[in-house]
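Examining the three-dimensional arrangement
Okay, here's what each chain looks like letter by letter:
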Amino acid sequence: MARTIVITSGKGGVGKTTTSAALAMGLAQRGHRTAVIDFDVGLRNLDLIMGCERRVVYDFVNVINGEANINQALIRDKRCDALYVLPASQTRDKDALTKEGVGRVLEELSKGFDYIVCDSPAGIEHGAHMAMYYADDAVVVTNPEVSSVRDSDRMLGILSSKSRRAERNEPPIREYLLLTRYSPERVAKGEMLSVNDVREILSLDLLGVIPESKAVLNASNSGVPVILDVESDAGQAYSDAVGRYLGEDLPHRFLDIKKKGFFSRLLGG
Amino acid sequence: MLFQANFPELKDYLDPMASHPTSGVDSPKPAFELKAATFTLPVIRLLEVDMDSVADQLGGKVDQAPDFFRNTPVVIDLSGLPAGAGRIEFPLLVGLMRGFGMIPVGIRGGTDEQHEAAQAMELAILGDAFVRRSPTTREAPRQPTPAPAAASTRPTPTPVRPTPAPARPVAEDPAVASQRLITRPVRSGQRVYAPGGDLSVIAPVSNGAELMADGNIHIYGPLRGRAMAGMKGDTSARIFCQDLQAELISVAGHYRISENIPDEVKGVPVQIFLDGDVLRVEKI
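Description of the structure in this document. The model shown is predicted, which means the values in this text are computed figures rather than measured ones.

Regarding the overall build of chain B
- The number of helices and strands found in chain B is four helices and 16 strands.
- The proportion of buried residues among the 284 residues of chain B is 47%.
- Carbon and sulfur atoms form 52% of the exposed surface of chain B, whose accessible area is close to 13,900 Å².

Quick look at the overall build of chain A
- A tally of helices and strands in chain A yields 13 helices and eight strands.
- Summed over all atoms, the accessible surface of chain A reaches about 12,100 Å², with 48% contributed by carbon and sulfur.

Section: the packing of aromatic side chains
- Under the counting rule described, the total for this entry stands at five aromatic pairs over all chains.
- Ring centres 5.0 Å apart and planes at 75° place the aromatic pair Phe39 of chain A and Phe60 of chain A in the edge-to-face group. Residue Phe39 of chain A is found in the loop between strand E2 (34–38) and helix H2 (46–50), and its partner Phe60 of chain A is found in helix H3 (residues 60–64); the two are separated by 21 residues along the sequence. Each of the two residues, Phe39 of chain A as well as Phe60 of chain A, counts as buried.
- Judged by centre distance (5.8 Å) and plane angle (70°), the rings of Tyr115 of chain A and Tyr245 of chain A are edge-to-face. On the criterion of sequence distance, the pair formed by Tyr115 of chain A in strand E5 (residues 115–119) and Tyr245 of chain A in helix H12 (residues 233–245) is long-range, its members being 130 residues apart.
- Ring-pair connections join several aromatic residues into one group, and the members of that group are Tyr115, Tyr176 and Tyr245 of chain A.
- Positioned above the aromatic ring of Phe273 of chain B is the side chain of Arg238 of chain B, whose terminal nitrogen or guanidinium carbon lies 4.2 Å from the ring centre.

Observations concerning a negative patch on the surface
Residue and element names in this part refer to chain B.
- There is a patch of like negative charges on the surface, built from Glu48, Asp50, Asp52 and Asp56.
- Topologically, Asp52 is positioned in helix H1 (residues 51–64).
- Residue Asp52 is classed as exposed on the basis of its relative accessible area, which comes to 61%.

Section: unusual backbone geometry
- Within the chain, Phe254 of chain A stands out as a residue other than glycine whose phi angle is a positive 60°.
- When you line up the elements, Phe254 of chain A lands in the loop between H12 and helix H13 (262–266).
- Positive phi, normally seen in glycine, also occurs at Glu122 of chain B, with a value near 60°.
- Locating Glu122 of chain B in the fold gives a position in the loop between helix H4 (112–120) and strand E5 (124–125).
- Judged by relative accessible area, which is 74%, Glu122 of chain B ranks as exposed.

Thoughts on helix H10 (residues 195–202) of chain A
Residues and elements named next belong to chain A.
- Three or more residues of H10 are buried, namely Val195, Val198 and Leu202. The arc enclosing the buried residues of H10, seen along the axis, measures out at 75°, which places them on a common side.
- Those residues of H10 that are buried are in contact with strand E6 (137–142), helix H7 (146–162), strand E7 (174–182) and strand E8 (205–211).

What counts, and at which threshold
- Residues numbered from 1 in each chain as written.
- Chains lettered and ligands numbered in written order.
- Predicted model: local features only at pLDDT ≥ 70, side-chain atom pairs only at ≥ 80, totals over all residues.
- Heavy atoms only, no water.
- Helix = DSSP H or I, 4+ residues; strand = E, 2+ residues; numbered from the N terminus.
- Buried < 20%, exposed > 50% of the residue type's maximum accessible area, 1.4 Å probe, protein only.
- Areas by Shrake-Rupley, 256 points an atom, 1.4 Å probe, with all protein chains shown as cover.
- Phe/Tyr/Trp six-rings, centres within 6.5 Å; stacked < 30°, edge-to-face > 60°.
- Lys NZ or Arg CZ within 6 Å of the ring centre and 35° of its normal.
- Patch = residues over 30% accessible without salt bridge, like charges linked within 9 Å, V, L, I, M, F, W, Y side chains within 5 Å.
- Salt bridge = Lys/Arg side-chain N within 4 Å of Asp/Glu carboxyl O.
- Lys, Arg positive; Asp, Glu negative; His and termini not counted.
- Charge placed at Lys NZ, Arg CZ, Asp CG, Glu CD.
- Arc of directions from axis to C-beta.
- Contact = heavy atoms within 4.5 Å.

Here is the structure:
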């Protein structure tokens, strides 16, 4: 049986798709068969971030409607054999997702995969609801600023009351906090909430802190999940987050301002 | 004479956070499900035992809105009657209401004697534990929850009225629902109501979350959302809070918003209670 992980936030633009791509790639690199699904029907992006946009034939909605079978729609990643992408439809809207249809697809996927990563659309409406409904685990992606934290909090409330686990009175969804676009310099200046502030407000286990990094934008533009950029701080932070998700006990990195060395100061770097 | 009241069909209270009621039948193919549901019913609050004047005035009301009362289940509230008002002619009253198309289903707020008389007429006795028999409430009983007076410090421009939880039931029996315990964080957008009793939360309460209780509210964690105690007008209800950062606090409708809470009581353990008309926040 696969474990279904929803990557969600409430607020848009906080890094859900980047996180979905990175976590899915990280899990697959560690040998777990992983499928990542784009639930953002109508605004599909995951295929771009994953660099498979030119290989999309059938999509999630085709599978739900029975116009294609799951194996026709899944796109195997060229960099990692254990990773498959199920892209969203760009021509439909989120009403095309039905509870039964999504449940059927997830059930079918869970036969052949260890992890199913669901990339949720922003908002708390139908699309986001469909993405989280069947989840076992939830990664709540939050930026260190008040509106994002509040939206995440709202989403956590929905996770604990509107999921299938909640409806069936099963053990609740395991919730993890992933803080993205973190900038220790701006925290020091008081322009951003600190890790501890966010942690205290949301009272959640911290899966990882991803530093604000140019590597993320570069990775998105080139269609390479940032976790593959092992030189970058963001890539390493995502790698740590995957390790923590799988139960490793890793210290959090990149929380403090980088001390500039003598040479970099001299050279103005 | 008329106001709305909620009461549960079962002595149960559901919300997404609460556990589901256990099904009554455990056979392979159940023939029915046992569920709790909430209905809003009109309540006729008797202020007189003289059936002639009741008949007169009720007739007037029904004439105004005949469809409203047609086949409508109605609850008779006796809590507004003055002490020693005499016997109520239940057969007359029931006949009168049926004549107007209403379906009297039960009474509340009566004495034991009145309850017996009502039961003889096959009227249900509904929870009356939280209806106060006080002469001061006789004149203006239009709202079960008194509209909040502004906090004494200054008039607030936007009168945020703590909603009397329209879809939430009133407990029928204080022994059944006198306590509610929440152990997980109450998130933004969630509402938790403890009908007929106290609410204890041993987790943080986020901005945008709402706690409501007919009795006291205890929060063993930071309170960043709203807390409203004494929802049914119990002025002796209190809020106890370990770390006050609330958006709004209220006891029996008297409220303060964050702006009107002094800084020195923020972030420390406090109790909040009514002193006359003044909502006090005190360190403990």
